[in-house]
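# Observations on chain architecture
Okay, here's what each chain looks like letter by letter:
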Amino acid sequence: MQIVEKSGEGLSRVYGVTIPAKDLSERLEARIVELAPQMNIKGFRPGKVPAAHVRRVHGKALMAEVVQESINESTQKVLDDNKIRPAGEPELKPEGDFELVMDGKADLAFEMAVEIMPDFEPVDFGKISLKRPVYEPTEKEVDE
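The text that follows walks through the structure, step by step, so that each part is easy to find.

What counts and how
Every chain is numbered independently, its residues counted from 1 as its sequence is written. In view of the model being predicted, local features appear only for residues whose pLDDT reaches at least 70, and side-chain atom pairs are presented and counted only at 80 or more, with totals across whole chains, interfaces and linings using the full set of residues. Each side-chain value is derived from all of the structure's non-hydrogen atoms; neither hydrogens nor water enter the calculation. DSSP bridges decide pairing: two strands pair if at least two such bridges lie between them. The numbering of helices and of strands both runs from the N terminus, where a helix is a DSSP run of H or I of at least 4 residues and a strand a run of E of at least 2. Angles run from 0 to 180 degrees between N-to-C directions of axes, and those axes are lines fitted to C-alpha atoms, restricted for helices to the stretch in contact. Whether two residues are in contact is decided by their heavy atoms: any pair within 4.5 Å suffices. The rule is simple: take the accessible area with a 1.4 Å probe, protein chains only, and divide by the maximum for that residue type; under 20% is buried, over 50% is exposed, in between is partly exposed. Patches draw on residues past 30% relative accessible area with no salt bridge. Two like charges within 9 Å are joined, as are two nonpolar side chains (Val, Leu, Ile, Met, Phe, Trp, Tyr) within 5 Å. Methods summary: accessible areas were calculated by the Shrake-Rupley approach with a probe of 1.4 Å, and residue burial reflects only the protein chains presented. Salt bridge, as applied in this entry: a Lys or Arg side-chain nitrogen positioned within 4 Å of an Asp or Glu carboxyl oxygen. As used throughout, the charge tally considers Lys and Arg to be positive and Asp and Glu to be negative, leaving His and the chain termini uncounted. We put the charge of a Lys on NZ, of an Arg on CZ, of an Asp on CG and of a Glu on CD. Each helix should span, by expectation, one fewer than its residue count multiplied by 1.5 Å. In this description, the arc belongs to the directions extending from the helix axis to the C-beta atoms.

## Remarks on the pairing of strand E2 (residues 12-19)
When strand E1 (residues 2-7) meets E2, the two strands line up antiparallel, connected through five bridges. Counted as the bridge partner of Ser 7 is Val 14 from E2. Between E1 and the antiparallel strand that follows it, E2, lie four residues; Gly 10 among them carries a positive phi value of about 65°.

Structure follows, in structure tokens:
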């Protein structure tokens, strides 16, 4: 995974995150190997479904699951590594063709824009004094 800070002005940060297609395909293969013994597909004995058939039947759904997990983990890693306290939910903007990513032919790349909570010290309200402004009208203004 490659993480690059694209801009960091004020309280907003933009990071570019790239996850190689190789990592996604490895995670997909691991997920298929994990699920294949548990599957019960008509025409196969329970637990004996070949991995290639699982990939053909459920490949897109499993890849979507792997991509979602990768996005969640990478956004959390960016926040943890940079010690960021986000003010809200990070905004994700995909880069490139998402269909190629789902087919395993392209890297998953996206921009993550996040607003940061500012650092501040709590104020002791006992030391604050308030002065209420009062307007004193003149006699001429009262007569009007």
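## Concerning the sheet that holds strand E3 (residues 91-95)
In spatial order, the strands read E1-E2-E4-E3; together these four strands make up an open sheet with antiparallel pairing. Whereas interior strands pair on both sides, the edge strands pair on one side only; in this sheet they are E1 and E3. Adjacent strand axes in the sheet meet at a mean angle of 25° when their direction is disregarded. Taken together, the five bridges between E3 and strand E4 (residues 108-115) define a ladder with antiparallel strand orientation. Looking at the pairing, Leu 92 lines up with Met 112 of E4. Its contacts with the sheet put helix H2 (residues 51-81) on E1, E2, E3 and E4, and the angle it makes with E4 is roughly 45°.

## A word on unusual backbone geometry
Unusually for a residue other than glycine, Lys 83 sits at a positive phi of about 50°. Along the polypeptide, Lys 83 turns up in the loop between H2 and E3. With a relative accessible area of 75%, Lys 83 lands in the exposed category.

## Quick notes on a negative patch on the surface
Residues Glu 139, Glu 141, Asp 143 and Glu 144 make up a contiguous surface patch of negative charge. Take Glu 139: it is sitting in helix H4 (residues 139-143).

## So, helix H1 (residues 21-35)
When the terminal C-alpha atoms of H1 are compared, their 21 Å separation across 15 residues agrees well with the 21 Å that a helix rising 1.5 Å per residue should span. Considered for burial, the residues of H1 that qualify are Ala 21, Leu 24, Leu 28, Ile 32 and Leu 35. Mapping the buried residues of H1 onto a view down its axis gives an arc of 75°, with all of them on the same face. Across H1 from its buried face, at more than 90 degrees, point the exposed residues Lys 22 and Val 33.

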